[in-house]
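A structural walkthrough
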Amino acid sequence: MSGHVRGFARFVGRTASRAWHHPIPTGKVWEQAWFIGVKAMPILLTMTAFIGSNLALQGYYAFKALGGQSLLGMFVSLAGVREMAPLMVAAMTAAKAGTEMASQLAVMRIREQIDALEVMSIDPYTWLVVPRCLGILIALPALTMMCILTLIGTAWLVTMLQLGESGPQFLHTAFGALTGQDLWIALFKAAVFGLLISLISCYCGFRSKPGPRGVGDATNAAVVTSAVVCAVVNYLISEWMYA
Amino acid sequence: MTRLASMSPGLPRATRFCGELGQRVVTGTMYPALIADHMWTLASRSALPVLATTLPTGMVVALQGLNVFDLFGAQRLLSSLISVAVFRELSPVLSSMLVAAQGGASFAAELGSMRIQEEIDATEVMAIDSLRLHVLPRVIAAVITTPLMHLLGTGAGIAGGWVVAVLMRGEPSGVYWANLWALTQPLDLWGGVLKTAVFGLIIGLTATYRGYFATGGAPGVGVAVNETVVQSVLGFVAANYVLTSLMYGSAP
């Protein structure tokens, strides 16, 4: 455990120093941003659609007991934008993009392609890790914005069509409760989570043990560690920003 | 009838896979020792991640809930809100997500590397039913363990809420515990267990299917793990919506 913490700190330090000192391969950064953004988008949007509709259902059934159906929009937009969307998007990105990074790098590691890069005096951090970190840093805030809109949109549809409440009232309370600050914090969270997911997943891939089992285990460790770290960091950011 | 292993990927193969597993549930032995073994692996590997995710999330709910309830002076409702939010929604989804990411992924990695290293073929050569030996115990273990992880996550979420409300914001502890179950119903308890058992089934089936049919060497195992996590999470989030509509939509 402590070995992993130290190893991870060294990994982050190396990545940061390479990003600072070496020229950044801009083409690869955009390639990764495109890759992460486009490949993860359908899955993320589908998931947030279900999260949004579920928030509306649960909020409705909980508020009905108190006679506060009119607050549903506020509940969905606050719970959705402040906490659910950033956290769920991070978890799903860890599951989709994080596992992909980890398994790609793990396969490169066990096939000694990373050593081959070093032999050719191409720095693997500059070439493999930095583009992934910067790419996700570009892609994830944009994806989070789209997910927030999807979440509120599906919650609105469920409120109107399934629950039979007033749609305009929902939108009024939903957007009335949101402030610009909430959106900025959600974007900030997305950027932090993206950076954490990419660093953790690349680290797990780099440290992969040989064989098919090693690749599987590295991928597994990547998604679990990033999900847990994102949940904890989510609390810390909320405590810092909202308390 | 063509053999399952020689079928091409697609819906017929998936249906056949589930059908053959269902047939094995009702006929023949179940290998309880293997089920217990996988349950232990799943529980011991997922418990810590589940705790480490639901605890901070319960803390976040308390934090945001207090922000809103302070406006109305309704802080006493906080623990009721936390227990409803954690019991109905957060713990089932987050715990199952972690079970999928940790347990489901490791099932896929195990079965995938067994397939790649031809261990599954070796079992078949020895005339041992690989579905019954390798797949079924894992699926059943997932169905039983996921609800347990959900209950663990619920406890952690409520404890996390208590930490923020009582220890950090100085709300009275007695009020927190007294109002904890004010809005929850028995439906929330067994409904959550039922929901997570279905999620566990989705996770178990996805993981074993992806692992059992992994192809393409070591990268194939990575792909299997990746697809397991993504598809099972999508699957149970969708199932969550349907189940919530059914359970709470029909309740008064």
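Structure shown above.
Computed from a prediction, not measured in an experiment: that's the story for all the values here.

As for the overall build of chain A
Secondary structure assignment for chain A yields 8 helices and 0 strands. Walking chain A from its N terminus toward its C terminus, one meets helices and strands in the order α-α-α-α-α-α-α-α. The principal-axis extent of the C-alpha atoms belonging to chain A is close to 70 × 35 × 35 Å. Looking at chain A as a whole, 57% of its 243 residues qualify as buried. Relative to all contacts within chain A whose residues are 6 or more apart in sequence, the contacts with residues 24 or more apart total 85%. Carbon and sulfur atoms provide 69% of the accessible area of chain A, an area that totals close to 9900 Å². The averaged location of the 11 negative side-chain charges in chain A is 5 Å from the averaged location of its 16 positive side-chain charges.

Topic: the overall build of chain B
Looking only at helices and strands, one finds 8 helices and 0 strands in chain B. Listing each helix as α and each strand as β along chain B from the N terminus yields α-α-α-α-α-α-α-α. The C-alpha extent of chain B, read off along each of the three principal axes, is 70 × 35 × 30 Å. Scored against the burial criterion, the 252 residues of chain B give a buried share of 56%.

With respect to the interface of chain B and chain A
Listed as interface residues are 52 residues of chain B and, on the opposing side, 50 residues of chain A. Interface of chain B and chain A: buried area, both sides summed, is about 4200 Å²; carbon and sulfur atoms make up 72% of it. Our enumeration of links across chain B and chain A arrives at 1 salt bridge. Residue B:R169 pairs with A:E239 through a salt bridge whose shortest N-O separation is 3.3 Å. Applying the counting rule to chain B against chain A returns 11 residue pairs in polar contact (both at pLDDT 80 or more).

What to know about the nonpolar core
Residues B:V233 and B:F236 are the most contacted members of the largest nonpolar core, which totals 115 residues. Tallying contributions element by element places helix α3 (residues 72–110) of chain A first for this core, with 16 residues. Dropping the residues within four chain positions of it, B:V233 is found in contact with A:M47, A:M92, B:M97 and B:A100. With 16 residues, the next largest nonpolar core counts B:L4, B:M7, B:L21 and B:I35 among its residues.

Some points on a positive patch on the surface
All names here are of chain A. A cluster of basic residues, R6, R10, R14, R207 and K209, forms a positive patch at the surface. Topologically, R14 is positioned in helix α1 (residues 2–21). Residue classification places R14 among the partly exposed residues on the basis of a relative accessible area of 37%.

Brief notes about the pattern of salt bridges
Residues and elements named next belong to chain A. Under the criterion given, the structure shown has 16 salt bridges over all chains. As a salt-bridge pair, E83 and K189 come within 3.2 Å of each other at their nearest N and O atoms. Linking E83 in helix α3 with K189 in helix α7 (residues 180–206), this pair joins segments that are 106 residues apart in sequence. The two residues E83 and K189 agree in class, both being buried.

Structural notes on unusual backbone geometry
Positive phi outside glycine occurs at A:E112, with the angle close to 60°. With respect to the element layout, A:E112 can be found in the loop between α3 and α4 (113–119). Residue classification places A:E112 among the exposed positions, given a relative accessible area of 53%. Positive phi, normally seen in glycine, also occurs at B:Y31, with a value near 55°.

Some points on helix α3 (residues 78–116) of chain B
Where α3(B) bends most, at B:V86, the angle is about 50°. The element α3(B) is extensively covered by neighbouring structure, given that 36 of its 39 residues are classed as buried.

What to know about helix α5 (residues 130–168) of chain B
Residues and elements named next belong to chain B. Taking 1.5 Å per residue as the helical rise, α5 with its 39 residues ought to reach 57 Å, and the 53 Å between its terminal C-alpha atoms agrees with that figure. Along α5, the helix axis deviates most sharply at L136, where the bend reaches about 35°; the proline P137 sits within four residues downstream. Capping of α5 at its N-terminal end is provided by D129; its side-chain oxygen lies 3.2 Å from the backbone amide nitrogen of L131. Positive backbone phi, at 70°, marks G170, one or two positions downstream of α5.

Topic: the packing of aromatic side chains
Throughout the structure, instances matching the rule amount to 17 aromatic pairs over all chains. Measuring from centroid to centroid gives 6.0 Å for A:F50 and B:Y241, while their planes differ by 50°, and the two rings are tilted. Taken together, the residues span two chains, with A:F50 in helix α2 (residues 26–66) and B:Y241 in helix α8 (residues 217–250). Given the relative accessible area of 23%, A:F50 is considered partly exposed. Of the aromatic side chains, those joined through ring pairs into one cluster are A:F8, A:F11, A:Y125, A:Y203 and A:F206. The ring of B:Y212 is capped by B:R115, whose NZ or CZ atom sits 4.8 Å from the centre of that ring. Seen from the ring of B:F107, B:R138 lies directly overhead, with NZ or CZ sitting 5.6 Å from the centre.

Re the environment of A:V158
Tracing the sequence through the fold places A:V158 in helix α5 (residues 124–162). We classify A:V158 as buried; its relative accessible area is 8%. In contact with A:V158, other than residues within four places in its own chain, are A:S53, A:A56, A:L57, A:L163 and B:Y241.

Definitions and cut-offs
Residues numbered from 1 in each chain as written. Chains lettered and ligands numbered in written order. Predicted model: local features only at pLDDT ≥ 70, side-chain atom pairs only at ≥ 80, totals over all residues. Heavy atoms only, no water. Helix = DSSP H or I, 4+ residues; strand = E, 2+ residues; numbered from the N terminus. Buried < 20%, exposed > 50% of the residue type's maximum accessible area, 1.4 Å probe, protein only. Contact = heavy atoms within 4.5 Å. Areas by Shrake-Rupley, 256 points an atom, 1.4 Å probe, with all protein chains shown as cover. Lys, Arg positive; Asp, Glu negative; His and termini not counted. Charge placed at Lys NZ, Arg CZ, Asp CG, Glu CD. Buried area = accessible area lost by both parts, 1.4 Å probe. Salt bridge = Lys/Arg side-chain N within 4 Å of Asp/Glu carboxyl O. Polar contact = N/O pair within 3.5 Å; in protein donor to acceptor, adjacent residues only side chain to side chain. Core = buried A, V, L, I, M, F, W, Y, C linked by side-chain atoms within 4.5 Å. Patch = residues over 30% accessible without salt bridge, like charges linked within 9 Å, V, L, I, M, F, W, Y side chains within 5 Å. Bend = angle between axes of the 7 residues up to and from the residue. Expected span 1.5 Å × (residues − 1). Phe/Tyr/Trp six-rings, centres within 6.5 Å; stacked < 30°, edge-to-face > 60°. Lys NZ or Arg CZ within 6 Å of the ring centre and 35° of its normal.

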